[in-house]
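Structural characterization, general
So you can see what is in the structure, the chains are spelled out below.
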Amino acid sequence: MNLLAPPRARLQIEVVFDLVCPWCYLGTRRLRRALRARPDIVADILWRPFLLNPDIPAAGLPRQDFLTRKFGGEERARRLHATISELGRAEGVPFRFDRILRMPSSLDAHRLVRYAAREGQADQMVEALFHGYFAEGLDLGHIDSLVRIATRVGLEHGAVHRFLDSGAEADAVHAENLRAHRLGINGVPCFVVAGRHAIAGAQEPEVIERLIDVALVEG
């Protein structure tokens, strides 16, 4: 430990996100890159759930049907996916949209993040869920897939399965989603620094760093 080094500033960063949002995966990777460039900061990240598609049934929908309904056709979705995939490569994000067969409800995945937070594993869980969905095409609406992902970050299989089966934390996820909308957040990702300074979108690390600097100056 360098006793002459200045103390590190502690900042709370709330990430409002959805686990089925590719821009959120890209944005969280950029946030992590921004934080790696700021050793003067200790960041306490709080993961705030947002439900982009709250009306999707628990069993999900065939992804092709969802994309047709959302984008009006496969060609438009393909162009968007190509753009996101190119941006993802620069961040080491291996988007494989071709492997995703269903558009899931993200409710249970958000519940799992809250469970992992109790074990101090929220950051790892978010990354594992993003990778499982966007790189492997795992169905985040299926309990077996969620348990499989949870065991990768060291959580106990049986305990996770019982938690997901119980429906616990569902009300909390819905309440957080409602809170985000009441705060005027209509798109994700959205980063809220020190409870006051917010920016939406998968921003470049330099933009996030400027927001951090504003928060530090204003105290």
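These remarks concern the structure in this document. (Residues numbered from 1 in each chain as written. Predicted model: local features only at pLDDT ≥ 70, side-chain atom pairs only at ≥ 80, totals over all residues. Heavy atoms only, no water.)

So, about the overall build of the chain. On a plain count of helices and strands, the chain comes out with nine helices and six strands. Scaling as 2.2 N^0.38, a compact globule of 219 residues should have a C-alpha radius of gyration of about 17 Å, and the chain matches this with 18 Å. When the backbone C-alpha atoms are referred to their principal axes, the chain occupies close to 55 × 40 × 35 Å. Here the chain holds 219 residues, and 49% of them are scored as buried. Taking all contacts inside the chain whose residues are at least 6 apart in sequence as the whole, residues at least 24 apart take part in 74%. For the chain, the exposed surface amounts to about 11000 Å²; the carbon and sulfur share of it is 52%. Counting 29 positive and 28 negative side-chain charges, the chain places the averaged centre of each group 2 Å from the other. (Helix = DSSP H or I, 4+ residues; strand = E, 2+ residues; numbered from the N terminus. Rg over C-alpha atoms; globule rule 2.2 N^0.38 Å. Buried < 20%, exposed > 50% of the residue type's maximum accessible area, 1.4 Å probe, protein only. Contact = heavy atoms within 4.5 Å. Areas by Shrake-Rupley, 256 points an atom, 1.4 Å probe, with all protein chains shown as cover. Lys, Arg positive; Asp, Glu negative; His and termini not counted. Charge placed at Lys NZ, Arg CZ, Asp CG, Glu CD.)

Counted according to the given criterion, the structure contains zero disulfides. With no disulfide of its own, Cys21 lies closest to Cys24 among cysteine sulfurs, the gap being 3.0 Å. By relative accessible area, Cys21 is classed as buried at 4%. (Disulfide = S-S within 2.5 Å.)

Applying the stated criterion across every chain yields a total of 21 salt bridges. A salt bridge links Glu14 to Arg48; its shortest N-O distance comes to 2.9 Å. With a gap of 34 residues between them, Glu14 in strand E1 (residues 9-17) and Arg48 in strand E2 (residues 41-49) connect regions that are remote in the sequence. Of the two residues examined, Glu14 and Arg48, each falls in the buried class. Between Asp213 and Arg38 there is a salt bridge whose closest N-O contact spans 2.9 Å. Note that Asp213 is positioned in helix H9 (residues 205-218) and Arg38 in the loop between helix H1 (22-36) and E2, a separation of 175 residues in sequence. A residue is classified by how much of its surface remains accessible, and Arg38, at 10% relative accessible area, is buried. (Salt bridge = Lys/Arg side-chain N within 4 Å of Asp/Glu carboxyl O.)

This brings us to unusual backbone geometry. Of the consecutive residues Val188 and Pro189, the connecting peptide bond is found in the cis state with omega at 5°. When you line up the elements, Pro189 lands in the loop between helix H8 (170-182) and strand E5 (190-193). The backbone phi angle of Glu169 is positive, close to 75°, even though this residue is not glycine. Its place among the elements puts Glu169 in the loop between helix H7 (157-166) and H8. With relative accessibility at 22%, the residue Glu169 sits in the partly exposed group.

All right, on to the environment of Ile41 then. Turning to its location among the elements, Ile41 is positioned in strand E2. Separated by 150 residues in the primary sequence, Ile41 and Phe191 place their C-alpha atoms 16 Å from one another. Setting aside chain neighbours within four positions, we find Ile41 in contact with Arg8, Ala9, Leu11, Ile212 and Leu216.

A word on the side chain of Thr28. Here Thr28 shows up in helix H1. A relative accessible area of 1% places Thr28 in the buried class. Residues in contact with Thr28, not counting those within four places in the same chain, are Val15, Trp47, Phe130 and Phe191.

Remark: the centre distance and the inter-plane angle together describe each pair of aromatic rings, the angle taken between the planes. Under the defined criterion, the tally for this structure stands at eleven aromatic pairs. Summarising the aromatic geometry, the rings of Tyr25 and Phe130 are spaced 4.8 Å apart at their centres and angled 10° between planes, so their arrangement reads as stacked. In this pair, Tyr25 sits in helix H1 while Phe130 sits in helix H5 (residues 122-134), placing the two residues 105 residues apart along the sequence. Residue Tyr25 shares its accessibility class with Phe130, and that shared class is buried. What links up through ring pairs into an aromatic cluster is the set Phe17, Tyr25, Trp47, Phe95, Phe97, Phe130, Tyr133 and Phe134. (Phe/Tyr/Trp six-rings, centres within 6.5 Å; stacked < 30°, edge-to-face > 60°.)

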